[in-house]
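Here are the chains, one letter per residue:
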Amino acid sequence: MENRLPTSDKDFVQSLIPQRAPFVMVHELSEYSESHLISGFEIKEDNLFVHDGFFQASGLIEHQAQSVALHTGYKYYLLGKDAPTGYIGAIKSFEAEILPKIGDQLRSEVTILNEVMGVTLVDIVTKLNGEVIAKSQMKTAVK
């Protein structure tokens, strides 16, 4: 199977992360390099993290973490290997300016700062309509 970027092929994107419906918080892979990734996600009404029409901060964190998992999964895909299971090891910082609502399209940019022995330190910036709405720095670990 060959997939070119950008892709919003639901089955392909989901094959790159360990999460399964209804817990998938990424729908698109726009850009990839060894140190960078841009993901996309459309907030649907039936999303687990939607409350009173708004996507909660916990959902933003999960979307950001899954964007990191998407980076790892795509790297493994390019190597012809199955994507590993990963975990949030630590959230160093997280700030949300606003909570997006149903129908909003998020774009998150992951920047890999350091990767050592399966632990990855990343900066993540999430935008809505080109405006930064959330930022975080976290460590993730692969199993």
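Within each chain, residue numbers correspond to sequence positions counted from 1 in written order. Predicted model: local features are reported for residues with pLDDT of at least 70 only, side-chain atom pairs are reported and counted for 80 or more only, and whole-chain, interface and lining totals are derived from all residues. Each side-chain value is derived from all of the structure's non-hydrogen atoms; neither hydrogens nor water enter the calculation.

Some thoughts on the packing of aromatic side chains
Here is step 1: When the centres of two rings from Phe, Tyr and Trp lie within 6.5 Å, Trp using its six-membered ring, the rings pair. Their planes under 30 degrees apart give stacked, over 60 give edge-to-face, and anything left gives tilted. Enumeration according to the criterion identifies seven aromatic pairs in this entry.
Here is step 2: Ring centres of F12 and Y77 lie 4.9 Å apart, and the angle between their planes is 75 degrees; this geometry places the pair in the edge-to-face category. Highlighted residues: F12 in helix α1 (residues 10-15) and Y77 in helix α2 (residues 57-78), separated in sequence by 65 residues.
Here is step 3: For the exposure calls, accessible area comes from a 1.4 Å probe over protein chains only, and a residue counts as buried if that area is under 20% of its type's maximum, exposed if over 50%, partly exposed in between. Residue classification places F12 among the buried positions, given a relative accessible area of 1%.
Here is step 4: Taken together, a centroid distance of 5.7 Å and an interplanar angle of 55 degrees make the contact between F23 and F49 tilted. Taken as a pair, F23 in the loop between α1 and β1 (28-33) and F49 in the loop between β2 (36-42) and β3 (50-51) lie far apart in primary sequence, 26 residues in all.
Here is step 5: According to the relative accessible area criterion, F49 is buried, its value standing at 15%. For the purposes of this entry, the term helix denotes a DSSP run of H or I that reaches at least four residues, the term strand denotes a run of E that reaches at least two, and both are numbered from the N terminus.

Notes on the side chain of Q64
Here is step 1: Locating Q64 in the fold gives a position in helix α2.
Here is step 2: Overall, Q64 belongs to the buried group, its relative accessible area being 0%.
Here is step 3: Two N or O atoms form a polar contact when they lie within 3.5 Å of each other; inside protein one atom must be a possible hydrogen donor and the other a possible acceptor, and for residues adjacent in sequence the pair counts only when both atoms belong to side chains. Only 2.9 Å separates the side chain of Q64 from the side chain of T126, close enough to count as a polar contact.
Here is step 4: Those residues within four positions of Q64 in sequence are excluded, and the remaining contacts are F94, S108, I124, T126, A134, K135, S136 and M138. When checking whether two residues touch, look at their non-hydrogen atoms; a contact exists if any pair is within 4.5 Å.

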